[in-house]
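Residue-level listing of the chains:
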Amino acid sequence: AQKVTQAQTEISVVEKEDVTLDCVYETRDTTYYLFWYKQPPSGELVFLIRRNSFDEQNEISGRYSWNFQKSTSSFNFTITASQVVDSAVYFCALKTGTALIFGKGTTLSVSS
Amino acid sequence: DTGVSQDPRHKITKRGQNVTFRCDPISEHNRLYWYRQTLGQGPEFLTYFQNEAQLEKSRLLSDRFSAERPKGSFSTLEIQRTEQGDSAMYLCASSLTAESTDTQYFGPGTRLTVL
């Protein structure tokens, strides 16, 4: 069975703190893709990053970085020096076929 | 480049009424998807089209739900005889299969409230 677990329901930080959002996935497929999406209060899901199962290189994009570890089936997302605009719900998703399988999301609140 | 658009953004209806939502994908995207998201949950897949063909349906898509994508452009999702349990955000996404990873880009959603 395919499954994505985001164990952290809510995280609250103060601006400029670093924060890591955890994502653990389950699949028996050897080829799969992992995604992170951001959902601000407006409701639209915004694509952040995509990783395929053969590429374990970590990635950094500005204040965002992602750590993919197949050995632990994890794809964690770190925001460095968080800002108020980072407040949103963040979803991790797994794709083995056509559909995306989402976790329940982590609500991040960044206060000034 | 215009993103995915959905109409209406909000819909309030009474139980038993029929509702129809529209999705316009990113131009030239050949795949279109519908998802449903309830409060506190991640989106759940309902169905998808490649061009005008509906190729996959989730077991969540009861017989009261029907989706179409005439001419492979915009899509409509109709819910007949709405129930309170249908209250949710309905999200549309599109992708281009020419992209090796087929990333799905989402619209702003239609929030349905069934009274």
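Residues numbered from 1 in each chain as written. Chains lettered and ligands numbered in written order. Predicted model: local features only at pLDDT ≥ 70, side-chain atom pairs only at ≥ 80, totals over all residues. Heavy atoms only, no water.

**Student:** Explain the overall build of chain B to me, please; I cannot follow it from the model alone.
**Tutor:** Check the secondary structure of chain B and you find zero helices and eleven strands. Secondary structure elements in chain B, listed N-terminal to C-terminal, are β-β-β-β-β-β-β-β-β-β-β. The globule rule puts the C-alpha radius of gyration for 115 residues at 13 Å, and the 13 Å found for chain B is close to it. Along the three orthogonal principal directions, the C-alpha set of chain B runs to about 40 × 25 × 20 Å. Each of the 115 residues in chain B was classed as buried or not, and the buried ones make up 48%. Look at the contacts in chain B between residues 6 or more apart in sequence, and 53% of them connect residues 24 or more apart. For chain B, the exposed area adds up to about 5800 Å²; of that, 44% sits on carbon and sulfur atoms. In chain B, 14 positive and 14 negative side-chain charges are present, and the distance between their average locations comes to 8 Å. (Helix = DSSP H or I, 4+ residues; strand = E, 2+ residues; numbered from the N terminus. Rg over C-alpha atoms; globule rule 2.2 N^0.38 Å. Buried < 20%, exposed > 50% of the residue type's maximum accessible area, 1.4 Å probe, protein only. Contact = heavy atoms within 4.5 Å. Areas by Shrake-Rupley, 256 points an atom, 1.4 Å probe, with all protein chains shown as cover. Lys, Arg positive; Asp, Glu negative; His and termini not counted. Charge placed at Lys NZ, Arg CZ, Asp CG, Glu CD.)

**Student:** Even after reading the chapter, I still don't get the packing of aromatic side chains, so can you show me in this structure?
**Tutor:** Between two aromatic rings, the relevant description is the distance of the centres plus the angle of the planes. The final tally for this structure, using the stated rule, is 22 aromatic pairs over all chains. On the basis of an interplanar angle of 5 degrees and a centroid distance of 5.0 Å, the ring pair of Trp66 of chain A and Phe77 of chain A is categorised as stacked. Of this pair, Trp66 of chain A sits in strand β8 (residues 64–69) while Phe77 of chain A is found in strand β9 (residues 74–79), placing the two residues eleven residues apart along the sequence. In this structure Trp66 of chain A comes out as buried when scored by relative accessible area, which is 5%. Measuring from centroid to centroid gives 6.1 Å for Phe102 of chain A and Phe106 of chain B, while their planes differ by 75 degrees, and the two rings are edge-to-face. Taken together, the positions of Phe102 of chain A in strand β11 (residues 100–102) and Phe106 of chain B in strand β10 (residues 105–106) put the pair across two chains. What links up through ring pairs into an aromatic cluster is the set Phe35, Tyr37, Phe47, Phe91 and Phe102 of chain A together with Tyr35, Phe45, Tyr105 and Phe106 of chain B. Taking the ring centre of Phe74 of chain B as reference, the NZ or CZ of Arg22 of chain B above it sits at 3.9 Å. (Phe/Tyr/Trp six-rings, centres within 6.5 Å; stacked < 30°, edge-to-face > 60°. Lys NZ or Arg CZ within 6 Å of the ring centre and 35° of its normal.)

**Student:** Would you explain the nonpolar core in this entry?
**Tutor:** Formed by 23 residues in total, the largest nonpolar core has its most connected members in Trp36, Phe77, Tyr90 and Leu108 of chain A. Going through the elements one at a time, β2 (10–14), β3 (19–21), β5 (33–39), β8, β9, β10 (88–95) and β12 (106–111) of chain A are the ones with two or more residues in this core. With four residues, β10 of chain A is the largest single contributor of residues to this core. Among all residues touching Phe77 of chain A, those that are not within four sequence positions of it are Val19, Thr20, Leu21, Trp36, Leu48, Tyr64, Ser65, Trp66 and Tyr90 of chain A. Listed in part, the 19 residues of the second largest apolar core include Val4, Ile26, Leu32 and Ile79 of chain B. (Core = buried A, V, L, I, M, F, W, Y, C linked by side-chain atoms within 4.5 Å.)

**Student:** How do you make sense of the interface of chain B and chain A when you look at a structure like this?
**Tutor:** For an interface, size is often stated in terms of accessible area lost upon the parts coming together. Facing the 24 residues of chain B at the interface are 18 residues of chain A. Summing the contributions of chain B and of chain A, the shared interface buries around 1600 Å²; its carbon and sulfur component is 54%. In this assembly, chain B and chain A are joined by zero salt bridges. At the surface where chain B touches chain A, the tally comes to six residue pairs in polar contact (both at pLDDT 80 or more). The set of elements that each furnish at least two residues to the side of chain B that touches chain A consists of β4 (31–37), β5 (44–50), β9 (88–95) and β10 of chain B. It is β4 of chain B that contributes the most residues to the side of chain B that touches chain A, four residues altogether. Here the side of chain B that touches chain A is composed, by residue class, of ten nonpolar, nine polar and five charged. (Buried area = accessible area lost by both parts, 1.4 Å probe. Salt bridge = Lys/Arg side-chain N within 4 Å of Asp/Glu carboxyl O. Polar contact = N/O pair within 3.5 Å; in protein donor to acceptor, adjacent residues only side chain to side chain. Nonpolar A, V, L, I, M, F, W, Y, C, P; charged D, E, K, R; others polar.)

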